[in-house]
Amino acid sequence: MTEEILPNLYKIEVPLPHNPLRAVNSYIIKADGKSLIIDTGMNRGECLRAMSSGLKELDVDLSRADFFITHVHANHLGLVSTLATDTSTIYFNQPDADIINSKNLWEKASSFAYINGFPENELQRAVQSHPGHKYGSKGHLDFYILKEGDVISIGDYLFKCIETPGHTPGHMCLYEPNQKIFISGDHILNDITPNISLFSSEENPLKEYLTSLDKVYHLDVRLVLPGHRGVFNNFKERIQQLKYHHQERANEVLSILEKGSQNAFQVASQMSWDVDYEFWELFPVPQKWFAIGEAIAHLKYLEEAGKIRREIQKQKIVFSLK
Ligand SMILES: [Zn+2]
């Protein structure tokens, strides 16, 4: 299913089966030379079929197409290894490229989840069923690395690269100042809130995310093209809502810790989640995995803000109010 958003700029809705996100948006910019494909879907048959039929409908030839990938998550990057040809340039960012090349990624994440209270007997299932593990890109990818302020000129469009770390360490948005369009990836979504999660002790993604929201707030944007769900235009209002949302979440975590010191898994089990399951115990393992990641991101943010402290008890990390 393709939709023309602006002249020569189209959206293909790529389905994500059995995934709460439902679909990912791929944006196609047609040009006389090479066309540009922004984000691709997961590396699985359903996504490939949707992309292939959408590109055929738009008369876009993969041998004359380049790619821009907003961030490392499998539903944006996964299929690029199948779609790219020998002549394709794949534009990407360095921090997320480093994640693809990092060794023992899943082992490190699962042992970190474990010391944060994730049940040992569910760890393997969490990793095995993770979309990044199952539907990520295959084989070696050569990227053309973009940085803040770099420009992609395509047809009548001139996109400026804006680094927006938070959702992932290297997340990158594109801004077209003449058309005032903002390709937001998963930095700013309208009907759902981007997942901010952490599976290591080194970063503070929520702090980075909030800084990245402030960074783009001043831009003159009349249309946002997000990675999921519909395009929208209340750019500044949505940024304020997202900032408020995370403040509320942080306050919720603080009120949970008023009951006493707890590990991140225990905190996650008491946070409110916008899902179809009535009790935490009914959450499928992948949902618990995303939940603990989000809880850890908020705990880390509160810890660095000096509001809570961490300590090790019985080889697990626990948090308590200061
Ligand atoms: Zn994402």
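As shown above, the structure is provided for reference.
Residues numbered from 1 in each chain as written. Predicted model: local features only at pLDDT ≥ 70, side-chain atom pairs only at ≥ 80, totals over all residues.

Trainee: Could you clarify how one ought to interpret the packing of helix α8 (residues 205–217) against helix α11 (residues 285–304) in this entry?
Mentor: Helix-helix packing: each pair is described by the crossing angle between the helix axes and the interaxial distance. Remark: α8 packs on α11, axes separated minimally by 7 Å, with the N-to-C direction vectors making an angle of 85°. What the angle tells us is that α8 and α11 run roughly perpendicular. In this structure, α8 uses Pro205, Leu206 and Lys207 to contact α11, whose residues at the interface are Ala297, His298, Tyr301 and Glu304. (Axes fitted to C-alpha atoms, helices over the stretch in contact; angles between N-to-C directions. Helix = DSSP H or I, 4+ residues; strand = E, 2+ residues; numbered from the N terminus. Parallel < 35°, antiparallel > 145°, perpendicular 65-115°, else oblique. Contact = placed C-beta atoms within 7 Å.)

Trainee: Would you mind showing me how to read the nonpolar core here?
Mentor: A general trend in soluble globular proteins is that nonpolar side chains are found buried together. Counting 82 residues, the largest nonpolar core has Ile292 and Leu299 as the members making the most contacts within it. Per-element accounting of this core gives the leading share, nine residues, to α11. Setting aside chain neighbours within four positions, we find Ile292 in contact with Ala113, Asn116, Phe118, Ala264, Phe265 and Ala268. (Core = buried A, V, L, I, M, F, W, Y, C linked by C-beta atoms within 7 Å. Buried ≥ 20, exposed ≤ 12 C-beta atoms within 10 Å, placed from the backbone.)

Trainee: Quick question: what am I supposed to make of helix α1 (residues 45–57) here?
Mentor: Side chains three or four residues apart in an α-helix point the same way, a direct result of the helix having 3.6 residues per turn. Taking 1.5 Å per residue, 13 residues should reach 18 Å; α1 reaches 18 Å between its end C-alpha atoms and fits that length. Burial in α1 covers these residues: Cys47, Ala50, Met51, Gly54 and Leu55. Projected onto a plane normal to the axis of α1, the buried residues spread over an arc of 120° and lie on a single side. Opposite the packed face of α1, turned more than 90 degrees from it, sit the exposed residues Gly45, Lys56 and Glu57. Packing partners of the buried residues in α1 comprise β1 (2–6), β2 (9–15), β3 (23–29) and α3 (80–83). Positive backbone phi, approximately 60°, marks Asp59, located one or two places after α1. (Expected span 1.5 Å × (residues − 1). Arc of directions from axis to C-beta.)

Trainee: What is the right way to look at the environment of Asn25 in this model?
Mentor: Mapping Asn25 onto the fold places it in strand β3. Between the alpha carbons of Asn25 and Ser212 there is a distance of 21 Å; along the sequence they are 187 residues apart. Setting aside chain neighbours within four positions, we find Asn25 in contact with Lys11, Glu13, Asp39, Pro226, Gly227 and His228.

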